[in-house]
Amino acid sequence: MQNFINIERVESKKRGNFERVKDYKEIYEIKTLSEISEQSDRCVQCGDPYCHNKCPLHNYIPFWLKAIAKNDVDLAFNISNESNPFPEITGRVCPQERLCEGDCTLSDGYGAITIGAIEIAITEEGLKRGLKPKFAQKKVDKRVAVIGSGPASISAATYLLRAGFNVYMYEKEMRAGGLLTYGIPEFKIQKEIVKRRIDFLVEAGLSLHVNKEVGKDISFEEIANESDAVFIGIGSGESNLANVLNENAEGTYLAIDFLKNIQKKHFNETRKSIDVKDKNIVVIGGGDTAMDCLRTSVREGAKSVKCLYRRDKYSMPGSKKEFKNALEEGVEFVYNVALKDVIVNNDNRVIGVNLQKTVLGEKDENKRAKIEIIKQSDFKIDADVVIFALGFSASTPSFLLENGIELNKHGNIMVNEYRTSKNGVYAGGDCINGSDLVVTAAKDGRNAAIQMIKDILE
Ligand code: SF4
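What you see is a predicted model; the values in this text were computed from it and never measured.

Cut-offs and rules
- Within any chain, residue numbers begin from 1 and follow the written order of that chain's sequence.
- Only residues with pLDDT of at least 70 are given local features in this predicted model, and only at 80 or more are side-chain atom pairs given and counted; all residues enter the totals for whole chains, interfaces and linings.
- Think of the side-chain values as coming from all heavy atoms in the structure, minus any hydrogens and water.
- For each residue, the test is whether any non-hydrogen atom lies within 4 Å of the molecule or strand; if one does, the residue is near.
- Cavities and pockets were defined on a 1 Å grid built over protein atoms only: a cavity is a set of grid points that admits a 1.4 Å probe from which the probe cannot escape, a pocket is an open set flanked by protein on both sides within 12 Å along at least five of seven lines, and lining residues are those with an atom within 4 Å of any such point.
- More than half of a molecule's atoms lying within 2 Å of a cavity's or pocket's grid points is what places that molecule inside it.
- Residue polarity follows a fixed list, in which Ala, Val, Leu, Ile, Met, Phe, Trp, Tyr, Cys and Pro are nonpolar, Asp, Glu, Lys and Arg are charged, and the others, Gly among them, are polar.
- Strands are runs of DSSP state E lasting at least 2 residues, helices are runs of H or I lasting at least 4, and numbering of each runs from the N terminus.
- In this scheme, a residue with accessible area under 20% of its type's maximum is buried, one over 50% is exposed, and one in between is partly exposed, where area comes from a 1.4 Å probe on protein chains only.
- Pairs of N or O atoms are called polar contacts if they sit within 3.5 Å, as long as, within protein, a hydrogen donor faces a hydrogen acceptor (for residues adjacent in sequence, only side-chain-to-side-chain pairs).
- Between two residues, a contact is recorded if the distance between any of their heavy atoms is within 4.5 Å.
- Two rings from Phe, Tyr or Trp (for Trp, the six-membered ring) form a pair when their centres sit within 6.5 Å of each other. Planes less than 30 degrees apart are called stacked, planes more than 60 degrees apart edge-to-face, and all others tilted.
- Placement of a charge over a ring requires the Lys NZ or Arg CZ to be within 6 Å of the ring centre, with the centre-to-atom vector within 35 degrees of the ring normal.
- By convention a nonpolar core is built from buried Ala, Val, Leu, Ile, Met, Phe, Trp, Tyr and Cys residues, the set being connected through side-chain atoms within 4.5 Å.
- Grid points are joined across faces, edges and corners, and a volume is the space filled by probe spheres set on the points.
- By definition here, a salt bridge exists when the distance from a side-chain nitrogen of Lys or Arg to a carboxyl oxygen of Asp or Glu is within 4 Å.

A. The site of the ligand, seen in detail. In the vicinity of the ligand there are 13 residues, among which Cys55, Cys94, Gln96, Cys100 and Glu119 approach most closely. Spatially, the ligand is embedded in the second largest cavity. Among the residues making up the shell around the ligand, the classes are represented as eight nonpolar, four polar and one charged.

Structure below.
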């Protein structure tokens, strides 16, 4: 119990930056059982654990730390997989410093427990030993249709299958996984890890329909009529533009289109891939999606890769570890600059960007410093490609409004305890919250499934 005094926090080993930028393999090594056992033994087993409260899934973190500290892989695996539909995925993609690890009691002076790395290693070790997530052995004669196959939908399907429900999932792309498959680059999560989770669901009885767009290849009414409930987990699909001159010129891309295109190229799913090799790339924005675009551009062989951010280094909204990884991989950061417009040649091709310097002013109602443009501070940067990573807006397929599913002013689906305005139709994840974390979508999918099960069986 006092081992945190003698044993320090040990981060996961990373592949060297020169080596790792040559491929798309994950950059962190998975900790061994003896490493996680030793690190877990640092946990002080707080009575009211802040880490558990701060985790959106309210994972039973101290319980699985205690089990793995005693090398009890079975118990740790089962506890971890109970509240979390995919612990090996959240361990890889959660910004732990803002969530569980940020609120670990030991973060104040001793170094937080490496919760994310331990979470990954418990499930990987369990799977290696032949353990599997548990599902119902007996089926219930109830059917739920799940639209979309991203984190919220995978989570909802997991908990519905655990309750013995028949689950039908519809995905418009060729592969399931949504953002986990097409949006988050492979160097953060290998695609076979996502596929492995989906395969567990298929093995448990999930009826998966890829290449089936609801509203186009199959009507919403058809799937709704055949089901006791429908869950919508379609994410928030569209990236925002900057609203500046020439933002649609040849050589400009929206972040999600860029990431999706590169991933589809790796899957051999596209014939028209974006080529950034030997080009000068600028990415507008400073969040995790911007880091993904920057680090992808490095791996695609860009000549130079710059991140242009409106505020200062300390205001960057993304995960610190992703920022550090981008820096190590050779990305150049230019802070306190606002995009004025995109410069194009006579063929409407990008040749640069005009920028203005900024300073941070007083805080606004959201407690973020306002951005002020410095007069006569204009300057330009040469660029062949401009990628906009400025957040996401809701994607609103027509079947929503056609079926009386109400949206709020941002285009997100309105819900009350995951119930939409249409009876029997539920929603969760980014399509109700706007763009948010994978773990938030996982929580929504799980809680919406619990709500559906209750409503259907009552
Ligand atoms: Fe931490 Fe995310 Fe795992 Fe929760 S799901 S314990 S926040 S890494």
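B. Local environment of the side chain of serine 40. Structurally, serine 40 is set in helix 3 (residues 33–40). Assessed through its relative accessible area of 2%, serine 40 is described here as buried. A distance of 2.7 Å separates a polar side-chain atom of serine 40 from the backbone oxygen of isoleucine 36. When near neighbours in sequence (up to four residues on either side) are disregarded, serine 40 contacts Leu65, Ile68, Ala69 and Ile118.

C. Geometry of the packing of aromatic side chains. For the structure on display, the rule yields seven aromatic pairs. The aromatic ring of tyrosine 168 is capped on one face by arginine 143, whose charged end is 3.5 Å from the ring centroid. Over the ring of tyrosine 182 we find lysine 264, and its NZ or CZ is 5.6 Å from the ring centre.

D. Local environment of the nonpolar core. Judged by nonpolar contacts, the single largest core of 86 residues is most densely connected at Trp64, Leu160, Phe220, Ile232 and Met452. Among the elements that line this core, the one with the most residues is helix 18 (residues 438–457), at nine residues. Once residues lying within four places of it in the same chain are set aside, the contact partners of methionine 452 are Val144, Leu160, Ala229, Phe231 and Tyr426. Counting residues in hydrophobic clusters, the runner-up holds 29 residues, among them Ile274, Cys307, Val385 and Ile387.

E. View of empty space enclosed by the protein. Scanning all chains against the criterion turns up five cavities of 30 Å³ or more. The volume enclosed by the largest cavity comes to roughly 110 Å³. Around the largest cavity sit 14 residues that line it, and Cys43, Cys46, Cys51, Cys104 and Thr105 are the ones nearest its centre. Looking at the lining of the largest cavity, the elements with two or more residues in it are helix 4 (50–54) and helix 5 (61–69). Grouping the amino acids of the lining of the largest cavity by side-chain chemistry returns twelve nonpolar, one polar and one charged. Considering only enclosed or pocket space, the second largest cavity measures out at about 80 Å³ in volume. Taken together, 15 residues form the lining of the second largest cavity, with Cys55, Asn59, Cys94, Cys100 and Glu119 sitting closest to its centre. By residue number, the principal contributor to the lining of the second largest cavity is helix 8 (residues 115–128), which donates three residues. Classifying every residue of the lining of the second largest cavity by side-chain character gives nine nonpolar, five polar and one charged.

F. View of the pattern of salt bridges. In total, this model carries 34 salt bridges according to the counting rule given. Between lysine 54 and aspartate 103 there is a salt bridge, with its nearest N and O atoms 4.0 Å apart. Of the two residues, lysine 54 sits in helix 4 while aspartate 103 sits in the loop between helix 7 (87–93) and helix 8, which places them 49 residues apart along the sequence. Classification of lysine 54 by relative accessible area gives partly exposed; the value is 35%. Since its relative accessible area comes to 29%, aspartate 103 is described here as partly exposed. The salt bridge involving arginine 295 is made with glutamate 322; its shortest N-O contact spans 2.6 Å. Taken together, the residues span a long stretch of sequence, with arginine 295 in helix 14 (residues 288–299) and glutamate 322 in helix 15 (residues 320–328) at a distance of 27 residues.

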